[in-house]
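Observations on the model geometry
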Amino acid sequence: MESQEGAAAAAAAVATRDCVLDFSRLSLNTFNVNNVSEDRQRDTRQLFLNYNRLSWLPSSVSLFYNLEFLDISNNGLTAICEGITRLTKLKTLLAKNNRLDEFSLPKEFGSLQLEVLNFSGNRFQEIPLQCTKLLRLQSLSIGGNRLKSIPAEIEYLTSLEMLYLGGNLISDIPPELAHLPYLTYLVLCDNRIQSVPPQLARLHSLRSLSLHNNLLTYLPREILSLVHLQELSLRGNPLVVRFVKEMMYDPPSLLELAGRTIKSRNIPYSPYDMPSNLVRYLDLASKCPNPKCAGVYFDSCVRQIKFVDFCGKYRLPLMHYLCSPECTSPCSSNPQSDAESEEENSVPADRLQRVLLG
C-alpha cells in the first residue's frame, strides 16, 4: 500500500515539474518557442522568463495555450505582444521592472481573465484603460511608476481585493475608488496625496490602508466608519506635526435657508408638494455633527479640524463640516472642538490594531 502511495506521489511530482517551464536567469536576448516540443507547449501551466535580457516577447508565446502563470519580470520589455491575448487561461501575469508604459499593451489586453497583475517598477504615467476591463482581477500592483492620477474607471474592477499604487506621483484619490466592495488592502504610500475623500468610508472590507509619506494634513471624520480597518499607516505626513483650520464660510443661499428650515423643523413634504428637483435637494441635507446643534446644511458649511483619540494613544486631526460658525469656538485654545461626540472620542484598540505614525 505504501509503495503505491509513494509511486502516486512521485508521479504527481513529475507531473508538477512537467507543468513548469523555467527559463529564468539565462541572459536570454530572445525566446525561441520552436525549441519547445508541442507536447510541452500544451502541458505547460507556468512559464518563467524573468531575469533575462528580453526587449520583446514573441507572439508565439500564445502556443502555450494552457498557460495559467507567466513571469516576465526584470527584463527590458517595452511592449506586451498581441499573442498574449490568446492565452485564455492566464490568471497571473508578473511584469515587474521592465520599460513598459501605457502604450505597451495590446488593444485587447482587457479581454484576459487575469486575477493577478503586477506592473510595478515600469514607466506608466497613466493606468491603461485596458487594465480597468479586467473584471476578474483580484490584485493589481503598479507601484514605483510615474502615475499622476487614478482613473475613475477603476470602479469597474469590482473583484479587486488588493490595490498597490505606492511610489508614484498621485495627488488625488478619486471617490470612485469607494465602489470596490471587496477591497481589503489599499497601498497609496509615497505619493503626493493631500486629502482623503470621505467616500472611502464605503470600503467596508478594508483592513489595511497605507498612506505614509504623502502630504496629508487631516483625515475625513468618516474614516471612523471603517469598522474592519486594522492597520492605518500615516507616518511622514504633515498631519503629524501641524494641522489646518479653515474658517471660511459662504453665507447660505435663500434656497438653502428654506431647506434648512424645512429639515430642522421636520416639516413634512412629498413629490406632490413641490417639484422633483427640490425634493432631491432636500434629501441631500447633511446633519450637523455637533451634538449641541440640531441644524443641517447643504452647500454652505464650515470646515474644521478636530483631534480624535485613536486607540487611546494617538490623536489625529479629522475634518468636520459644521453648519455655521456658531457651532465652533474659533478662539478656543482647546484642540478639541465643541463638535465632539462620545462615539468619536476614541477608537477601541480592537477596532484599529496599528496606527503607524513614526
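For the protein, an unreviewed UniProt entry supplies the name Leucine rich repeat containing 58 and the organism Poecilia latipinna.

Below, the discussion takes up the overall build of the protein. Along the protein, the regular secondary structure elements total four helices and 16 strands. Burial statistics for the protein: of 358 residues in total, 46% are counted as buried. When the accessible surface of the protein is summed, it comes to about 18,300 Å², and 50% of that surface belongs to carbon and sulfur atoms.

A few words on the nonpolar core. Of all hydrophobic cores here, the largest spans 64 residues; its most connected members are Leu 70, Phe 109, Leu 117 and Phe 119. Every residue in contact with Phe 109, bar those within four places of it in the chain, is listed here: Ile 84, Thr 85, Leu 93, Leu 114, Leu 117, Phe 119, Gln 130, Cys 131 and Leu 134.

This paragraph deals with the side chain of Asn 52. Within the secondary structure, Asn 52 sits in the loop between β2 (46–48) and β3 (69–71). A polar contact is formed between the side chain of Asn 52 and the backbone nitrogen of Ser 27, at a distance of 3.0 Å. In this view, Asn 52 contacts Phe 23, Ser 24, Arg 25, Leu 26, Ser 27, Leu 28, Asn 74 and Asn 75; residues no more than four positions away in its chain are not counted.

The next point concerns the environment of Glu 256. Looking at the secondary structure, you find Glu 256 in helix α3 (residues 254–264). Its relative accessible area of 2% is what places Glu 256 among the buried residues. Considered as a pair, Glu 256 and Ser 300 are 44 residues apart in the sequence and their alpha carbons are 7.9 Å apart.

Okay, the environment of Tyr 281 next. Residue position: Tyr 281 is located in helix α4 (residues 276–283). Its relative accessible area of 14% is what places Tyr 281 among the buried residues. Distance in space between the C-alpha atoms of Tyr 281 and Glu 256 is 9.2 Å, their sequence separation being 25 residues. Once you skip the residues sitting within four places of it in the chain, Tyr 281 turns out to touch Leu 255, Glu 256, Phe 298 and Asp 299.

Where α3 contacts α4, the two axes come as close as 10 Å, and the packing angle between them is 65°. With respect to α4, the axis of α3 lies roughly perpendicular. The chirality of how α3 crosses α4 is right-handed. Across from Leu 255, Glu 256, Gly 259, Ile 262 and Lys 263 in α3, the residues of α4 making contact are Leu 278, Tyr 281 and Leu 282. Of the residues that constitute the contact of α3 with α4, the class distribution is five nonpolar, one polar and two charged.

Counting across every chain of the model gives three salt bridges. Linking Asp 43 and Arg 42 is a salt bridge whose minimum nitrogen-to-oxygen distance equals 3.1 Å. With its nearest N and O atoms 3.0 Å apart, the salt bridge here joins Arg 260 to Glu 256. With Arg 260 and Glu 256 both in helix α3, this residue pair falls four residues apart, about one helical turn. Its relative accessible area of 13% is what places Arg 260 among the buried residues. Salt bridges sharing partners connect three or more residues here, namely Asp 39, Arg 42 and Asp 43.

With the rule as written, the count across this model stands at five aromatic pairs. The interplanar angle of 40° and the centroid separation of 5.2 Å between the aromatic rings of Phe 48 and Phe 69 together place this pair among those described as tilted. Here the residue Phe 48 occupies a position in strand β2, and Phe 69 occupies one in strand β3, the gap between them amounting to 21 residues. Overall, the relative accessible area of 19% leaves Phe 48 in the buried class. Three or more aromatic residues link up through ring pairs in this structure, and these residues are Phe 23, Phe 31 and Phe 64. One Lys or Arg, Arg 25, reaches over the ring of Tyr 51 and ends 3.9 Å from the middle of that ring.

Moving on to α3. Within α3, the full set of buried residues consists of Glu 256, Gly 259, Arg 260 and Ile 262. All buried residues of α3 fall inside an arc of 165° around its axis, so they share one side. The inward-facing, buried residues of α3 abut α4 and β13 (296–297). Looking one or two residues past α3, Asn 266 carries a phi angle of roughly 55°, positive in sign.

Quick notes on the rules
- Residues numbered from 1 in each chain as written.
- Predicted model: local features only at pLDDT ≥ 70, side-chain atom pairs only at ≥ 80, totals over all residues.
- Heavy atoms only, no water.
- Helix = DSSP H or I, 4+ residues; strand = E, 2+ residues; numbered from the N terminus.
- Buried < 20%, exposed > 50% of the residue type's maximum accessible area, 1.4 Å probe, protein only.
- Areas by Shrake-Rupley, 256 points an atom, 1.4 Å probe, with all protein chains shown as cover.
- Core = buried A, V, L, I, M, F, W, Y, C linked by side-chain atoms within 4.5 Å.
- Contact = heavy atoms within 4.5 Å.
- Polar contact = N/O pair within 3.5 Å; in protein donor to acceptor, adjacent residues only side chain to side chain.
- Axes fitted to C-alpha atoms, helices over the stretch in contact; angles between N-to-C directions.
- Parallel < 35°, antiparallel > 145°, perpendicular 65-115°, else oblique.
- Left-handed = near helix turned anticlockwise from the far one by under 90°.
- Nonpolar A, V, L, I, M, F, W, Y, C, P; charged D, E, K, R; others polar.
- Salt bridge = Lys/Arg side-chain N within 4 Å of Asp/Glu carboxyl O.
- Phe/Tyr/Trp six-rings, centres within 6.5 Å; stacked < 30°, edge-to-face > 60°.
- Lys NZ or Arg CZ within 6 Å of the ring centre and 35° of its normal.
- Arc of directions from axis to C-beta.

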